[in-house]
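Residues per chain are reported as follows:
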Amino acid sequence: MSERGARYPSGPVSAGLTYEDYCALPDDGLRYEVVEGRLFSEPSPRRSHQQAAGNLFVILQGHVRRHGLGELLIAPFDVILDRRTVVVPDLVFVARDRSAIVTDRAVEGAPDLIIEILSPGTTRRDRVAKMNAYARHGVIHYWLVDPDAKTLEAFQLSEGRYQLVAAVGGDEAFTPSLFP
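I will try to describe carefully the structure that is included in this document.

What counts, and at which threshold
Residues numbered from 1 in each chain as written. Predicted model: local features only at pLDDT ≥ 70, side-chain atom pairs only at ≥ 80, totals over all residues. Heavy atoms only, no water. Helix = DSSP H or I, 4+ residues; strand = E, 2+ residues; numbered from the N terminus. Buried < 20%, exposed > 50% of the residue type's maximum accessible area, 1.4 Å probe, protein only. Pairing = 2+ DSSP bridges. Right-handed = clockwise from strand over helix to strand, strands pointing away. Core = buried A, V, L, I, M, F, W, Y, C linked by side-chain atoms within 4.5 Å. Axes fitted to C-alpha atoms, helices over the stretch in contact; angles between N-to-C directions. Contact = heavy atoms within 4.5 Å. Salt bridge = Lys/Arg side-chain N within 4 Å of Asp/Glu carboxyl O.

**Observations concerning unusual backbone geometry**
Okay, step 1: In the segment running from Ala-75 into Pro-76, the intervening peptide bond is cis, with an omega of 0°.
Okay, step 2: Within the secondary structure, Pro-76 is located in the loop between strand 3 (70-74) and strand 4 (78-82).
Okay, step 3: Phi at Lys-150 is positive, roughly 55°, even though this residue is not glycine.
Okay, step 4: Owing to a relative accessible area of 57%, Lys-150 belongs among the exposed residues under this scheme.
Okay, step 5: The phi torsion at Glu-159 lies on the positive side, around 55°, for a residue other than glycine.
Okay, step 6: Looking at where Glu-159 falls in the secondary structure, it is placed in the loop between strand 10 (151-158) and strand 11 (161-169).

**Looking at the pairing of strand 9 (residues 141-146)**
Okay, step 1: Among the six residues that make up strand 9, five are buried, leaving the element largely enclosed by the rest of the structure.
Okay, step 2: Here strand 8 (residues 113-117) runs beside strand 9; their pairing, made up of five bridges, is parallel. Note on strand 9: the bridge partner recorded for Leu-113 is His-141.
Okay, step 3: Following the chain from strand 8 across helix 3 (residues 123-136) to the adjacent parallel strand 9, one finds a crossover that is right-handed.
Okay, step 4: With six bridges connecting them, strand 9 and strand 10 associate as antiparallel partners. Bridge pairing in strand 10 links Leu-144 to Glu-153.
Okay, step 5: Linkage of strand 9 to strand 10, two consecutive antiparallel strands, is achieved through a turn of four residues, within which Lys-150 is found at a positive phi near 55°.

**Focus: the nonpolar core**
Okay, step 1: Among the nonpolar cores identified, the biggest contains 25 residues, and Val-107, Tyr-134, Val-139, Tyr-142 and Tyr-162 are the most heavily contacted of them.
Okay, step 2: Among the elements of the structure, strand 4, strand 6 (91-95), helix 3, strand 9 and strand 10 are those that each provide at least two residues to this core.
Okay, step 3: For this core, the leading source of residues is helix 3, giving five residues.
Okay, step 4: If you look at the next biggest cluster of nonpolar residues, it comprises 20 residues, including Leu-60, Leu-72, Phe-93 and Trp-143.

**Quick notes on the sheet that holds strand 3**
Okay, step 1: Strand order in the open sheet made by the six strands is 3-6-8-9-10-11, with mixed pairing throughout. Single-partner strands in this sheet number two, and they are strand 3 and strand 11. Here the strands of the sheet are splayed against their neighbours by 15° on average, with no regard to which way each runs.
Okay, step 2: Pairing analysis gives three bridges linking strand 6 to strand 8, with the strands arranged antiparallel. Across the sheet, residue Phe-93 finds its bridge partner in strand 8, namely Leu-113.
Okay, step 3: Helix-sheet contacts for helix 2 (residues 47-67) involve strand 3, strand 6, strand 8 and strand 9, and the interaxial angle to strand 3 is about 165°.

**Considering the pattern of salt bridges**
Okay, step 1: Under the counting rule described, the total for this entry stands at eleven salt bridges.
Okay, step 2: Asp-126 is paired through a salt bridge with Lys-130; the nearest N and O atoms lie 3.5 Å apart. Of this pair, Asp-126 and Lys-130 both sit in helix 3, four residues apart, which is roughly one turn of that helix. Neither Asp-126 nor Lys-130 differs from the other in exposure class; each is buried.
Okay, step 3: One network of salt bridges, in which partners are shared, links Glu-33, Glu-42, Glu-116, Arg-125, Asp-126 and Lys-130.

Keep in mind these numbers describe shape, not what the thing actually does.
Shown next as structure tokens:
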């Protein structure tokens, strides 16, 4: 996601929203998410964001398909963690043995991996609100990619909290345990 739209405040727009409220939102060109009942909206992502998401998808999709590991999805595709937390991560991976949580409308439950591409308007939300929600709902692997700094941080859930397991930048190699 990219920088905030001028029509919307920097914080959550409303509180106490559910998946049903999310489904009733207008198709107005903005991307919406509900994180623990709070509505967030963003305009379309910037170019560097889309390039990073596309590059990651191409790299990971080839590996996932070659090895029959599961399903990799790219935004926009909903992830329904519960009635009050519906997010649209940049990339989502669900392992083959858990494929039943992927339906035509959404990933309905905690995926194995969520990747968020940081943008100036979303960094705090991705690093705090969404990271906490993902940990609470049992998303085992969470990656944060900063296309401007050219870095990737990989977190793994341990005892209900994320632990940083890798931080790479530039041309450094990254070999995630999730994709042997």
